[in-house]
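Structural features, examined
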Amino acid sequence: MNNLDSYKGVRDFYPQDMNNLNYIIDNWKKTLKKFGYEEYNASILEPTELYEAKSSDEIVSEQTYNFIDRGDRRVTLRPEMTPTLSRMIAKKSKELSLPVRWFSVPNVFRYEQPQRGRLREHWQLNVDLLGLENKYGDSEIIQIAYEIMKDFGLNESDFVIRINNRKNINQMVKSLDLPPEKEKDFFKLLDKKDKMVDFNDEMFKLIGKPLNISMGPSEEIEKIFEILNKRGITNLVFDPYLVRGFDYYTGIVFEIYDTNSINKRAIFGGGRYDNLIGQFGSENISGIGFGMGDVTIQDVLEIRKLLPNKKNNIDVYICLFNEESSNYANQISNILRENEINTIIDYSFKRISNQIEKAVKKNSIFTIFIGEEEVKTQRIKIKNLNSGIEKKLKIRDLVKFVKKELSS
Ligand code: HAM
């Protein structure tokens, strides 16, 4: 095979890409730990049945990666985490002390048409609060969503939080008296509203009259706005058309939108799902949470130059004059590494100028030169590449010297 591309819609992560992904994930984890959330995970593989009753129709029939294993079991690559989380909670419902505050950063797979912000594999922060069925639970989850954005260095004016309650729309749909199939199409259509030019026409075709959704926020939403306002969160908007694409949402739904004119789109979202866990046959436990993908947030940060330009962090690069010096170089590198000083040894035995060039390219802070003389005298020649200062040291003084320079 001589095609160098990765599979359609997934990414190779070169070290710089890995730096970006790790930066995003580390930031997520830092924020969640501040709120006392515990991390969990599960396998990428799930039995297909898990999604058939509990996700959205569109996801199951069009977007999952399915296969039959060698034991004739139907297997799905997880397209989202909420069904897995619900299964895990249901399984331990008797032992868990509620409310449960959990987070996870799974990679999830969806068979979608790749485009800006949409890929076939992404890493998705999942934050969920289970067993706290009130406005404070709703508010905490929205506050965390807000806090994550702030912790990335974004300001309130960079994003808005659109909020709705599925109850309003669910009630309205009931009054339309549509057959179940059309009911599903209704939510699908509403979820795509912003991307359509002929939304009103399509909706008219489906329900046989103009869509009339009540435009005032319910009391429940007003209360949440009040709580969040008091916490200093004011970039909130009531959006009566917001539904989100999953069947399991039962209450508050919300979505965070970028306000930048070149990236005006949903970044992430979530909502309340109060009947999902009960579907596993255990006692019912309420839930609210959200999912936030690495792809969309990376776009947001890139546009605003908020991704750190992190370079490889090598502290010491050891240049060797000849093969005979390599044992001595290894002794020295052991001492450095034991002291958590990141060290590379250049075994190319090329010209020293060439090795220094490599050290500079690797962004090393120091170079150490080792040749016959250094081996004989058991000394080290070290150069700080930032200041240009060179020193000859005894081995026992090396760590102290490097640490001192690194901290200055
Ligand atoms: P979702 O809206 O399908 O919700 O996905 C959540 C977020 O994951 C999206 O807003 C977006 O940031 C990211 N995302 C989704 N699909 C893709 C894709 N194809 N490529 C890149 N990023 C993507 C859920 O999955 C719910 N399970 C979230 C949830 C958790 N609700 C309650 N708890």
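Quick note: structure is the one above.
A few points on the structure.

**Some words on the sheet that holds strand S4 (residues 74–77)**
- Read across the open sheet, the 3 strands follow the order S2-S4-S3; overall the sheet is antiparallel. Strands at the two margins of the open sheet, each flanked by one partner only, are strand S2 (45–47) and strand S3 (65–68). Between one strand and the next, the sheet's axes are offset by a mean angle of 35 degrees, whatever the strand orientation.
- Inspection of the sheet shows S2 paired to S4 by 3 bridges, in the antiparallel sense. Of the residues in S4, the one forming a bridge with glutamate 46 is threonine 76.

**With respect to the site of the ligand**
- Contacts to the ligand come from 25 residues, most closely from Glu80, Thr82, Glu112, Tyr249 and Ile267.
- Here a nitrogen atom of the ligand and a side-chain polar atom of arginine 118 are 3.1 Å apart.
- Note that a nitrogen atom of the ligand is positioned 2.9 Å from one of the side-chain N or O atoms of aspartate 128.
- Protein contacts shield 96% of the accessible area of the ligand, which totals 660 Å² for the unbound molecule.
- Those elements that provide at least two residues to the shell around the ligand are strand S7 (121–130), strand S11 (266–272), strand S12 (287–293) and helix H10 (294–303).
- Here the shell around the ligand is built from residues that sort into 9 nonpolar, 10 polar and 6 charged.

**A closer look at unusual backbone geometry**
- Omega for the peptide link from leucine 98 to proline 99 comes to -5 degrees, which places this bond in the cis form.
- Relative to the assigned elements, proline 99 resides in the loop between helix H4 (82–91) and strand S5 (100–104).
- Positive phi outside glycine occurs at aspartate 72, with the angle close to 65 degrees.
- Tracing the backbone through its elements, the reader meets aspartate 72 in the loop between S3 and S4.
- Residues other than glycine seldom take positive phi values, yet glutamine 378 does so here, at roughly 55 degrees.
- Looking at the secondary structure, you find glutamine 378 in the loop between helix H13 (372–377) and strand S16 (379–384).

**Some points on the pairing of S7**
- Most of S7 is tucked away, with 10 of its 10 residues classed as buried.
- Burial of the side chains of S7 extends over both faces: Glu121, Trp123, Leu125, Val127 and Leu129 are buried on one face and His122, Gln124, Asn126, Asp128 and Leu130 on the other.
- For S5 and S7, the ladder comprises 5 bridges, and the chain directions are antiparallel. Across the sheet, the residue bridging to phenylalanine 103 is valine 127, located in S7.
- Taken together, the 3 bridges between strand S6 (residues 107–109) and S7 define a ladder with antiparallel strand orientation. The residue of S7 that forms the bridge with asparagine 107 is tryptophan 123.
- As paired elements, S7 and S12 share 7 bridges and run antiparallel to each other. Across the sheet, the residue bridging to asparagine 126 is glycine 291, located in S12.

**Some thoughts on helix H9 (residues 219–230)**
- Along its 12 residues, H9 runs 17 Å from first to last C-alpha, staying within 8% of the 16 Å computed at 1.5 Å per residue.
- Those residues of H9 lying buried are Ile221, Ile224, Phe225, Ile227 and Leu228. Buried residues of H9, seen end-on, are gathered within an arc of 165 degrees and therefore sit on one face of the element. Those residues of H9 that are exposed and aimed more than 90 degrees away from the buried face are Glu219 and Lys230.

**Brief notes about the environment of isoleucine 25**
- Among the structural elements, isoleucine 25 can be located in helix H1 (residues 15–34).
- Considering only alpha carbons, one finds isoleucine 25 and tryptophan 123, 98 residues apart in sequence, at a separation of 8.7 Å.
- Aside from chain neighbours lying at most four places away, what touches isoleucine 25 is Val105 and Trp123.

So, how was this worked out
- Residues numbered from 1 in each chain as written.
- Predicted model: local features only at pLDDT ≥ 70, side-chain atom pairs only at ≥ 80, totals over all residues.
- Heavy atoms only, no water.
- Pairing = 2+ DSSP bridges.
- Helix = DSSP H or I, 4+ residues; strand = E, 2+ residues; numbered from the N terminus.
- Axes fitted to C-alpha atoms, helices over the stretch in contact; angles between N-to-C directions.
- Near = heavy atom within 4 Å.
- Polar contact = N/O pair within 3.5 Å; in protein donor to acceptor, adjacent residues only side chain to side chain.
- Areas by Shrake-Rupley, 256 points an atom, 1.4 Å probe, with all protein chains shown as cover.
- Nonpolar A, V, L, I, M, F, W, Y, C, P; charged D, E, K, R; others polar.
- Buried < 20%, exposed > 50% of the residue type's maximum accessible area, 1.4 Å probe, protein only.
- Expected span 1.5 Å × (residues − 1).
- Arc of directions from axis to C-beta.
- Contact = heavy atoms within 4.5 Å.

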